[in-house]
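Tertiary structure, described
In case you want the letters, here they are:
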Amino acid sequence: MAGEIQLRQTLARPYLPAAQTPQVAYVLIEIIPTAVTANVQMPVNVAFVLDRSGSMRGNKIRAMKQAVALALDKLSDDDTVSITIFNHETAVLVPTTSARDRRNIMRLVDGIRDEGGTKISRAMYSGLTELARAPQGRLTRMVLLTDGETDKDEADCLNLADQAGRNGVSVAAFGVGNEWNDKLLTGIAQRSNGEVEHLSRPEEIEDNFQAVVQQAQSAVFQNTSAVVRLVGGVQPRAAWQVVPLFKNLGYKPLADRAVVVPLEQLEKDARRVLLLELMVEPKPAGQY
């Protein structure tokens, strides 16, 4: 399939002054999926890792169950799903299975009861293990929900987030209420190239779980990167994503005057905008 991506490049200045010293230049690169991708949909593999500790009782656990039900309705029969629940212990409630088995999945979810403390790392490990059981070629996501501090295993959680990032598993980390560890969940999200959200009200769980599924379903390319080839006398200094979210992307040398900028996934009907900072060596007046 050809013509899936349109590229537009815009220099901050159409001309650079002739100078005796190096100078900085900026270029904006827009990456736009075309109409060719409109009907493309990759199968999704999602692992829900859900806190069922005693502090989740009441509205939180009711909203969590409803959120899982709504997210399941968004999944297609070709998608796969698993559910791991945790307090101070971890249990795989639903091993990796087809999302078409919604009725039996929800029967198990409805039976979740709140009790005990909170230990996240073992649950993350189980979630990653279940994701690995699905057929290859799927877009993988972990949805992590907690309302509390984990029990002295923060380093293990971050190491697992690193592992997830290396394996292309983005973790959507949701903290509900006011007692969860913001620094930890932010670290998990960043290290896995995922996202973190503070949910002040249990009712927000529903919309956010559905949003993760919908975003995954809209992806048309995963593990993507941009190769930037530069002329002599121009060196890269930095690479940022400015749309949809601002973040420092970094880059890796590929060859002489070529670098690779990681993009992760690209979504249909959603443009990606990059900003590159370049250093231009001194040049006399002329056209290059």
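Now for a quick tour of the structure.

The rules behind each value
- Residues numbered from 1 in each chain as written.
- Predicted model: local features only at pLDDT ≥ 70, side-chain atom pairs only at ≥ 80, totals over all residues.
- Heavy atoms only, no water.
- Helix = DSSP H or I, 4+ residues; strand = E, 2+ residues; numbered from the N terminus.
- Buried < 20%, exposed > 50% of the residue type's maximum accessible area, 1.4 Å probe, protein only.
- Contact = heavy atoms within 4.5 Å.
- Areas by Shrake-Rupley, 256 points an atom, 1.4 Å probe, with all protein chains shown as cover.
- Lys, Arg positive; Asp, Glu negative; His and termini not counted.
- Charge placed at Lys NZ, Arg CZ, Asp CG, Glu CD.
- Salt bridge = Lys/Arg side-chain N within 4 Å of Asp/Glu carboxyl O.
- Core = buried A, V, L, I, M, F, W, Y, C linked by side-chain atoms within 4.5 Å.
- Pairing = 2+ DSSP bridges.
- Axes fitted to C-alpha atoms, helices over the stretch in contact; angles between N-to-C directions.
- Phe/Tyr/Trp six-rings, centres within 6.5 Å; stacked < 30°, edge-to-face > 60°.
- Expected span 1.5 Å × (residues − 1).
- Arc of directions from axis to C-beta.

1. Describing the overall build of the chain
- When helices and strands are counted, the chain shows six helices and 14 strands.
- Dimensions of the chain, computed from C-alpha atoms along their principal axes, come out at roughly 75 × 40 × 30 Å.
- Counting all 288 residues of the chain, 48% fall into the buried class.
- A sequence separation of at least 24 residues applies to 77% of the contacts in the chain between residues at least 6 apart.
- When the accessible area of the chain is evaluated, it comes to approximately 14700 Å², of which 49% is carbon and sulfur surface.
- Distance from the positive charge centre (32 side chains) to the negative charge centre (34 side chains) of the chain: 4 Å.

2. Focus: the pattern of salt bridges
- This model, assessed by the stated rule, comprises 12 salt bridges.
- When the shortest N-O distance is used, the salt bridge between Arg-52 and Glu-115 registers 3.4 Å. With a gap of 63 residues between them, Arg-52 in the loop between β3 (44-51) and α1 (59-74) and Glu-115 in the loop between α2 (102-110) and α3 (120-133) connect regions that are remote in the sequence.
- Residue Glu-115 is classed as partly exposed on the basis of its relative accessible area, which comes to 45%.
- Here Asp-147 makes a salt bridge to Lys-60, at a shortest N to O gap of 2.9 Å. Of this pair, Asp-147 sits in the loop between β6 (139-146) and α4 (154-166) while Lys-60 sits in helix α1, and the two are 87 residues apart along the sequence.
- A relative accessible area of 2% places Asp-147 in the buried class.
- A network of salt bridges, in which partner residues are shared, links Arg-8, Glu-30 and Arg-271.

3. Some details on the environment of Gly-54
- Mapped onto the secondary structure, Gly-54 falls in the loop between β3 and α1.
- The class for Gly-54 is buried, based on a relative accessible area of 9%.
- Residues Gly-54 and Gly-116, spaced 62 residues apart in sequence, show a C-alpha to C-alpha distance of 5.2 Å.
- When sequence neighbours within four positions are dropped, the list of residues in contact with Gly-54 reads Asp-114, Glu-115 and Gly-116.

4. Considering the nonpolar core
- Phe-48, Leu-50, Ile-83, Leu-145 and Phe-209 are the most contacted members of the largest nonpolar core, which has 37 residues in total.
- Where this core is concerned, the elements lending two or more residues are β3, α1, β4 (80-86), α2, β6, β7 (170-176) and α6 (204-217).
- With eight residues, the single largest contributor to this core is α1.
- Each residue touching Phe-48, except ones within four places of it in the same chain, is listed here: Ala-71, Val-81, Ser-82, Ile-83, Thr-84, Val-143 and Phe-209.
- With 22 residues, the next largest nonpolar core counts Cys-157, Leu-158, Trp-180 and Ile-188 among its residues.

5. What about the sheet that holds strand β8 (residues 195-199)?
- Pairing in this open sheet of six strands is mixed, and the strands run β5-β4-β3-β6-β7-β8 from one edge to the other. The open sheet is flanked by β5 (90-98) and β8, the only strands paired with a single partner. In this sheet, adjacent strand axes meet at a mean angle of 15° when their direction is disregarded.
- α1 rests against β3, β4, β6 and β7 of the sheet, and its axis sits at about 175° to β3.
- Relative to the sheet, α6 contacts β3, β6, β7 and β8, its axis offset from that of β6 by approximately 170°.

6. Section: the packing of aromatic side chains
- Taken as a whole and judged by the stated rule, the model has two aromatic pairs.
- Between Phe-48 and Phe-209, the ring centres sit 5.5 Å apart and the planes meet at 35°, which makes this aromatic pair tilted. Note that Phe-48 is positioned in strand β3 and Phe-209 in helix α6, a separation of 161 residues in sequence. Take Phe-48 and Phe-209: they sit in the same class, and that class is buried.
- Ring centres of Phe-174 and Phe-209 lie 5.9 Å apart, and the angle between their planes is 40°; on these two criteria the pair is classed as tilted. In this pair, Phe-174 is assigned in strand β7 and Phe-209 in helix α6, connecting sequence segments 35 residues apart.

7. Brief notes about the environment of Leu-108
- Inspection of the secondary structure puts Leu-108 in helix α2.
- On the accessibility criterion, Leu-108 (31% relative accessible area) is partly exposed.
- For the pair Leu-108 and Glu-149, spaced 41 residues apart in sequence, the C-alpha separation works out to 26 Å.
- For Leu-108, the contacting residues outside a window of four places in its chain are Leu-93 and Val-94.

8. Description of α4
- A rise of 1.5 Å per residue sets the reference length of α4, with its 13 residues, at 18 Å; its end C-alpha atoms lie 19 Å apart and thus fit the reference within 8%.
- Looking at α4, one finds that the buried residues are Cys-157, Leu-158, Leu-160, Ala-161, Ala-164 and Gly-165. The buried residues of α4 occupy an angular sector of 160° when projected down its axis, which confines them to one face. For α4, the exposed residues set more than 90 degrees away from the buried face come down to Ala-155 and Arg-166.
- Residues of α4 that are buried sit in contact with α3, β7 and α5 (182-191).
- At the exit of α4 stands Gly-168, carrying a positive phi of roughly 75°.

Functional significance is not addressed by these values, which are geometric in nature.
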